[in-house]
Amino acid sequence: MTSLTVQAQDSSLPSIGGSGGGLIAGQQESDIGQQVMVSIRRSAPRITDPLVYDYLSAITYRLVPSAPLQNRDLTLALIDSPAINAFAVPGGIVGVNGGLFLNAATEQQFASVLAHELAHLSQRHFARRMEQQEASAPLTLAGMIAGIVLSAVTQSDIGIAAIAGTQALAAQNMLAYSRAHEQEADRVGLDILANAGLDPRGMPEMFEIMMRQNRMQGNRLPEYLSTHPLTQSRVADTRNRAEQYPDEKIRDGQEYHLMRSRLQVHYAPSPEVAVETFEAYLEKPDTQQNEAIRYGLSVAYLEARQYEKAANILNDLLAKNPGRITFQVSLAEVRLAQNRPDDARAILRDALARNPGNYPITYTLAQTEIADGNGSAAAEYLRQLTRTRPGQEDLWLKLAEAEGMARNIVGVHRARAEYDVLMGDLESAQRQLRQAQEKLPAGAPQRQIVTERLAEITSRLHARANS
């Protein structure tokens with residue numbers, strides 16, 4: 001799990017249509033979304049754990065077919081913060097804090113927050129607020145994006161430092177949805193949950209958790225409630241609406257609870273505390289067969305370097321759940337930590353044969369090859385992942401590392417260029433591609449690819465300079 005350091009903001013920002021032009025167009029929303037992601041990549045600590053990210057993607061896209069979205073091509077941001085928070089902004093950006101896993105006791109509760117955010121997105125609530133703001137008091141998009149990032153990061157001063165005076169207040173006000181928008185998102189979100197085969201009752205349950213946390217914190221609002229105002233009457237209304245749906249006693253998927261345990265270890269004060277916590281869980285009645293708790297203990301043992309204890313639990317879990325990807329990947333992580341790459345590779349290759357293209361398996365195989373000094377093999381796995389997940393900057397950075405290990409200097413430049421593009425540094429991307437171009441002979445197929453990408457980046461730089 002890694003985080004990105006704060007870098008200078010890109011001054012090239014798309015403009016919102018003027019007050020005479022009316023609504024924000026779809027392309028403008030896309031441009032705004034791209035800039036939001038640049039800001040998040042630069043300023044917000046991120047969880048890049050492929051198992052957790054893959055689960056978040058799976059549950060989100062389970063909901064998407066039931067959401068009345070115009071654009072279903074979403075970009076997910078998994079923020080490394082233990083606070084409850086989630087957000088959705090124009091351009092199809094959906095962000096979730098790791099803390100949502102900690103506080104949502106069930107998958108239905110967790111999914112209800114995502115459904116609520118997809119509802120905001122489908123009803124264009126944020127875009128409509130932007131349009132109102134533009135008509136009444138112009139706000140630069142740079143300040144807007146900084147305000148959006150403010151809602152996504154734990155340290156609010158990162159975002160607030162980028163906005164001056166009244167602009168900061170305006171951006172923060174824009175982040176807070178109106179009561180009417182919240183009620184509409186509740187109603188649409190309940191439909192999304194029901195149509196996706198999930199339990200709408202998870203939404204009022206999650207609201208009650210937030211209200212309870214609010215009381216426990218002495219009325220200091222949880223991060224999520226600062227932008228999504230919640231009242232007792234709204235909770236009651238949502239509960240009444242949820243009860244109108246058939247009570248089908250929908251059970252959680254096991255994967256949610258495995259990921260929840262994984263993040264409980266991540267946010268524990270130390271690996272030793274995580275071990276103590278999960279060992280204590282297992283001492284309670286009727287928990288010996290709770291696989292999520294046992295899995296959490298195995299992850300805690302791994303972090304505490306008690307490798308054989310971790311492996312014993314995982315082998316036992318695999319005996320009862322043959323082929324479960326999370327257990328296979330985690331056992332490979334243990335073998336890798338023990339400096340046993342051959343064992344890790346064998347586990348992962350067998351898993352990949354049964355699950356071609358799987359993200360966590362392929363990524364962990366790349367990690368295994370890097371650890372074993374096989375840069376070329378690692379780069380091949382990572383190239384596969386960047387083709388299907390071109391918007392994940394951490395994959396391009398890892399690919400550059402693997403290409404460097406393989407002494408493929410052109411590959412290093414190309415991977416670094418794509419990383420720079422995602423970070424909003426087009427000048428650096430242009431330099432990287434020029435260096436790659438210089439190292440390739442005329443007529444080489446790869447040179448043509450590099451030349452075309454360089455022309456595209458150069459065109460974007462010219463457009464930015466003339467805007």
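Quantities reported herein were computed from a predicted structural model and do not represent experimental measurements.

Criteria and cut-off values
- Residues numbered from 1 in each chain as written.
- Predicted model: local features only at pLDDT ≥ 70, side-chain atom pairs only at ≥ 80, totals over all residues.
- Heavy atoms only, no water.
- Helix = DSSP H or I, 4+ residues; strand = E, 2+ residues; numbered from the N terminus.
- Contact = heavy atoms within 4.5 Å.
- Areas by Shrake-Rupley, 256 points an atom, 1.4 Å probe, with all protein chains shown as cover.
- Buried < 20%, exposed > 50% of the residue type's maximum accessible area, 1.4 Å probe, protein only.
- Pairing = 2+ DSSP bridges.
- Core = buried A, V, L, I, M, F, W, Y, C linked by side-chain atoms within 4.5 Å.
- Salt bridge = Lys/Arg side-chain N within 4 Å of Asp/Glu carboxyl O.
- Expected span 1.5 Å × (residues − 1).
- Axes fitted to C-alpha atoms, helices over the stretch in contact; angles between N-to-C directions.
- Parallel < 35°, antiparallel > 145°, perpendicular 65-115°, else oblique.
- Nonpolar A, V, L, I, M, F, W, Y, C, P; charged D, E, K, R; others polar.
- Polar contact = N/O pair within 3.5 Å; in protein donor to acceptor, adjacent residues only side chain to side chain.
- Phe/Tyr/Trp six-rings, centres within 6.5 Å; stacked < 30°, edge-to-face > 60°.
- Patch = residues over 30% accessible without salt bridge, like charges linked within 9 Å, V, L, I, M, F, W, Y side chains within 5 Å.
- Lys, Arg positive; Asp, Glu negative; His and termini not counted.
- Charge placed at Lys NZ, Arg CZ, Asp CG, Glu CD.

J.: Help me out: how do you make sense of the overall build of the protein chain in this one?
T.: Broken down by element type, the protein chain carries 24 helices and three strands. Taking as baseline every contact in the protein chain between residues at least 6 positions apart, the subset at least 24 positions apart corresponds to 66%. About 20,300 Å² of surface is accessible on the protein chain, with carbon and sulfur atoms providing 48% of the total.

J.: What should I look at first to understand the pairing of strand E2 (residues 86–89) in this one?
T.: It is a general feature of regular strands that their side chains alternate between the two faces of the sheet. Burial of E2 is two-sided: the residues Ala86 and Ala88 facing one way and the residues Phe87 and Val89 facing the other way are all buried. The hairpin formed by E2 and strand E3 (residues 93–97) contains three residues between the paired strands, and Gly91 there has a positive phi angle of roughly 95°.

J.: Would you explain the nonpolar core in this entry?
T.: Counting residues in hydrophobic clusters, the biggest one holds 102 residues, and the most contacted among them are Leu63, Phe101, Phe110, Leu118 and Leu382. Those residues in contact with Phe110 that lie beyond four places of it in its chain are Tyr55, Leu56, Ile59, Val96, Leu100, Phe101, Ala104 and Tyr256. Membership of the second largest hydrophobic core comes to twelve residues, among which are Val410, Leu426, Ala436 and Ile457.

J.: I would appreciate a short explanation of the pattern of salt bridges in the present structure.
T.: Close approach of charged atoms allows side chains of opposite charge to pair. Using the criterion set out here, one finds 30 salt bridges in the structure. Of the charged contacts, one joins Asp237 and Arg241 as a salt bridge, the two residues approaching to 3.2 Å between their closest N and O atoms. You can see Asp237 and its partner Arg241 sitting in helix H12 (residues 232–242), four residues apart, about one turn around the helix. Taken together, the salt bridges that share partners define one network made up of Asp342, Arg345, Arg349, Glu369 and Asp372.

J.: Can you help me understand helix H10 (residues 202–216) in this one?
T.: Note: α-helices contain 3.6 residues per turn, so residues at a spacing of three or four share the same orientation. An ideal rise of 1.5 Å per residue puts 21 Å on 15 residues; H10 measures up with 21 Å between its terminal C-alpha atoms. Those residues of H10 not exposed but buried are Gly202, Met203, Pro204, Met206, Phe207, Ile209, Met210, Met211, Gln213 and Asn214.

J.: Help me out: how do you make sense of the packing of helix H13 (residues 254–266) against helix H17 (residues 325–337) in this one?
T.: How two helices sit against one another is set out by the angle between their axes and by the gap between those axes. For the pair H13 and H17, the least separation of the axes is 12 Å and the interaxial angle reads 25°. What the angle tells us is that H13 and H17 run roughly parallel. Side by side, H13 and H17 meet where Glu255, Leu258, Met259 and Arg262 of the first sit next to Thr326, Phe327, Ser330 and Glu333 of the second. Of the residues that constitute the contact of H13 with H17, the class distribution is three nonpolar, two polar and three charged.

J.: Looking at this structure, how should I read the environment of Asp54?
T.: With respect to the helices, strands and loops of the structure, Asp54 is situated in helix H2 (residues 50–63). Given a relative accessible area of 22%, Asp54 falls into the partly exposed group. Distance from Asp54 to Tyr359, taken between C-alpha atoms, is 7.2 Å for residues 305 residues apart in sequence. Of the polar contacts made by the side chain of Asp54, one reaches the side chain of Arg389; its length is 3.3 Å.

J.: Mind showing me how you'd approach the sheet that holds strand E1 (residues 75–79) here?
T.: Pairing between sheet strands relies on hydrogen bonds along the backbone, with the strands arranged either parallel or antiparallel. Taking strand neighbours across the sheet as the criterion, the three strands line up as E1-E3-E2 in an open arrangement whose pairing is mixed. Edge positions in the sheet fall to E1 and E2, since each of these pairs with one other strand and no more. Across the sheet, the mean angle from the axis of one strand to that of its neighbour is 15°, orientation sign disregarded. Of the pairings in the sheet, the one linking E2 to E3 comprises four bridges and is antiparallel in character.

J.: Just to check I follow, could you spell out unusual backbone geometry for this structure?
T.: Glycine aside, the phi torsion of most residues is negative, and most peptide linkages are trans. Here Arg305, not a glycine, exhibits a phi torsion of approximately 65°, which is positive. By secondary structure assignment, the location of Arg305 is in the loop between helix H15 (291–303) and helix H16 (307–320).

J.: Help me understand the packing of aromatic side chains in this model?
T.: Each pair of aromatic rings is reported with the distance of its centres and the angle of its planes. A complete count under the given rule lists ten aromatic pairs for this structure. Here Tyr55 and Tyr256 contribute two aromatic rings whose centre-to-centre distance is 5.9 Å and whose plane-to-plane angle is 50°, an arrangement assigned as tilted. Of the two residues, Tyr55 sits in helix H2 while Tyr256 sits in helix H13, which places them 201 residues apart along the sequence. No difference in accessibility class separates Tyr55 from Tyr256, as the two residues are buried.

J.: How should a negative patch on the surface be read in this particular structure?
T.: On the surface, a cluster of negative charge is contributed by Glu272, Glu276, Glu279 and Glu283. Mapped onto the fold, Glu272 is located in helix H14 (residues 271–283). The exposure class of Glu272 is partly exposed, given its relative accessible area of 45%.

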